[in-house]
Structures are given as C-alpha cells and as structure tokens.
Amino acid sequence: MALDQFAKNDSLTTIGMKRRKFIQAALATAPLTTIDPPLAIPERAEKGFKISKGEGRYHGHIQLKGVNANILDVKVSGKDTNGALAVFEQTSLSPKRGTPLHVHPNQDEVFHVQEGRYAFLVGEDRFELQTGDSIFLPRKVPHAWTQISEKGRMTVMLQPAGKLEEFFVTMAGLTIEPSQSEISKIFADHEMQVVGPPLKVD
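Below, the structure is looked at part by part.

Points about the sheet that holds strand β8 (residues 134-137)
Piece 1. Strand order in the open sheet formed by 6 strands is β1-β2-β3-β10-β5-β8, and the pairing between neighbours is antiparallel. Each having just a single partner strand, β1 (62-63) and β8 make up the two edges of the open sheet.
Piece 2. Note that strand β5 (residues 108-115) and β8 share 4 bridges and pair antiparallel. Bridge pairing links H112 to S134 in β8.

Things to note about the environment of Y118
Piece 1. Its location among the elements puts Y118 in strand β6 (residues 117-122).
Piece 2. Here S92 takes part through its side chain, which lies 2.6 Å from a polar atom of the side chain of Y118.

Here's the deal with empty space enclosed by the protein
Piece 1. Taken as a whole and assessed by the stated rule, the structure comprises 1 cavity of 30 Å³ or more.
Piece 2. Forming the boundary of the largest cavity are 18 residues, of which T99, W145, L164, F167 and F168 lie nearest the centre.
Piece 3. At the level of elements, β5, β9 (143-147) and α2 (164-172) are the ones that each hand at least two residues to the lining of the largest cavity.
Piece 4. Ranked by the residues each element gives to the lining of the largest cavity, the list is headed by α2, at 3 residues.

Quick notes on the pairing of strand β2 (residues 71-76)
Piece 1. Burial of β2 is extensive: 6 of the 6 residues sit out of reach of the surface.
Piece 2. Bridge count for β1 against β2 is 2 bridges, and the pairing is antiparallel. Looking at the pairing, Q63 lines up with I71 of β2.
Piece 3. Of the pairings in the sheet, the one linking β2 to strand β3 (residues 86-92) comprises 5 bridges and is antiparallel in character. From the neighbouring strand, V76 faces β3, where its bridge partner is V87.

Considerations on the nonpolar core
Piece 1. Formed by 28 residues in total, the largest nonpolar core has its most connected members in F88, F111, F120, F167 and F168.
Piece 2. Elements with a contribution of two residues or more to this core: β2, β3, β5, β6, β8, β10 (152-159), α2 and α3 (180-189).
Piece 3. The biggest single contributor to this core is α2, with 4 residues.
Piece 4. F167 has contacts with I186, F187, H190 and M192, leaving out every residue within four places of it along the chain.
Piece 5. In terms of nonpolar packing, the next biggest core, distinct from the first, is built from 6 residues, A119, A144, I148 and V201 among them.

Topic: the layout of surface pockets
Piece 1. Here the largest pocket defines a volume of roughly 190 Å³.
Piece 2. The wall of the largest pocket is formed by 15 residues, among which V67, R97, G98, T99 and P198 lie closest to the centre.
Piece 3. Of the residues belonging to the lining of the largest pocket, the class tally is 6 nonpolar, 5 polar and 4 charged.

Conventions we followed
Residues numbered from 1 in each chain as written. Predicted model: local features only at pLDDT ≥ 70, side-chain atom pairs only at ≥ 80, totals over all residues. Heavy atoms only, no water. Pairing = 2+ DSSP bridges. Helix = DSSP H or I, 4+ residues; strand = E, 2+ residues; numbered from the N terminus. Polar contact = N/O pair within 3.5 Å; in protein donor to acceptor, adjacent residues only side chain to side chain. 1 Å grid on protein atoms, 1.4 Å probe; cavity = no way out; pocket = protein on both sides within 12 Å on 5 of 7 lines; lining within 4 Å. Points joined across faces, edges and corners; volume = space filled by probe spheres on them. Buried < 20%, exposed > 50% of the residue type's maximum accessible area, 1.4 Å probe, protein only. Core = buried A, V, L, I, M, F, W, Y, C linked by side-chain atoms within 4.5 Å. Contact = heavy atoms within 4.5 Å. Nonpolar A, V, L, I, M, F, W, Y, C, P; charged D, E, K, R; others polar.

All we've got here are geometric facts, nothing functional implied.
Shown next as structure tokens:
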C-alpha cells in the first residue's frame, strides 16, 4: 500500500513538472505585442523664451468668431512642448457668452482668472470665479463657462496640448458665424465633443 501511494505521488509530481514546463514554454513564445511598450518621453525645448505682454506666439492675436468674439494669444504652443502642454491668454470681450457644454476626452484644463468674473459648470457643479481664482477641469468631464463681467482676461492651460490651438485658428478663420451643427463639427474635428447648450447667466 505504501509503495502504491509513493508511485501515485511520484506520478502527480511528474505531471506537475510537465505542466509547469508547458506554461513556461507557452509564455516564452507568447507574442511581445501583448505587452505595452514604455511611454516615449517627448523631446523638450532646450532654450527658454519670453512672450511679451499683449503678444501671441506663431499667430499673433487670434480673434474668434462663433461661440464668442474673444481674443486668444498663444503663450506656449504645443509646438514648443512636443504636444505635452499649451498655454493661452484669453481676452474676454463677450459678456453673457462663453462656450457650449463640451468634453475634452484626453486633456485636463486649468483656468486662472486675471481679471473679471466668470461662471463655470463642471459636471453638475457650478462655480463663480473672479480675479485671482483658478479652476481645474478634468478630462472626460462635461464643462462650460460664460463671461459675467463686461470684460475679462484668463490664462488657460491644457495638458496635453491636443488640438485646441488649431481649433482657435479655425474659429478665427471663419467668414460668417457658424450654425450650431457647424460648431459641433468644428469641435469634433479638434478632439472635443459638444454635449449641451452654453451656460446661461443672469
């Protein structure tokens, strides 16, 4: 009886060893494409640069048409950071106007109010910002903002840069104010999705 038990245990050990060898061989021959490659680190600018007050990089002043008539100055372009970051200064000239409710699937945004008052809707939360306030808008969360004061100015930071700079250039190049369906298409062409109307303020 003891010999039979020993033989059974030896047989199970042999099966276990064969199973381990089979699994090891299968893993060794598995295609390497199932493992994500390490993220590439984008090249960084090797020299600093200054953008003077009232100036915009590459495009000069970008005068928008469509959702509002504000002026955008590119302070740090996605071209400067290999797409990692973009910074804009917005001069707000459109009281009671702003953006439709929209989503950036891939970018986080930060707004810093330099002057004026604004209303923001982020998800279901409404905020009022004034001079000195900042707000973080996470990617994939619907948001909109509307200018409350007669004039205003904000710094807008986007990470990664995405296609917002090109969106501003496209909006500035319009010859007539676009329809809502045209605005939705322009947003979609620049990696944004319109999901609702603009934010109303009294």
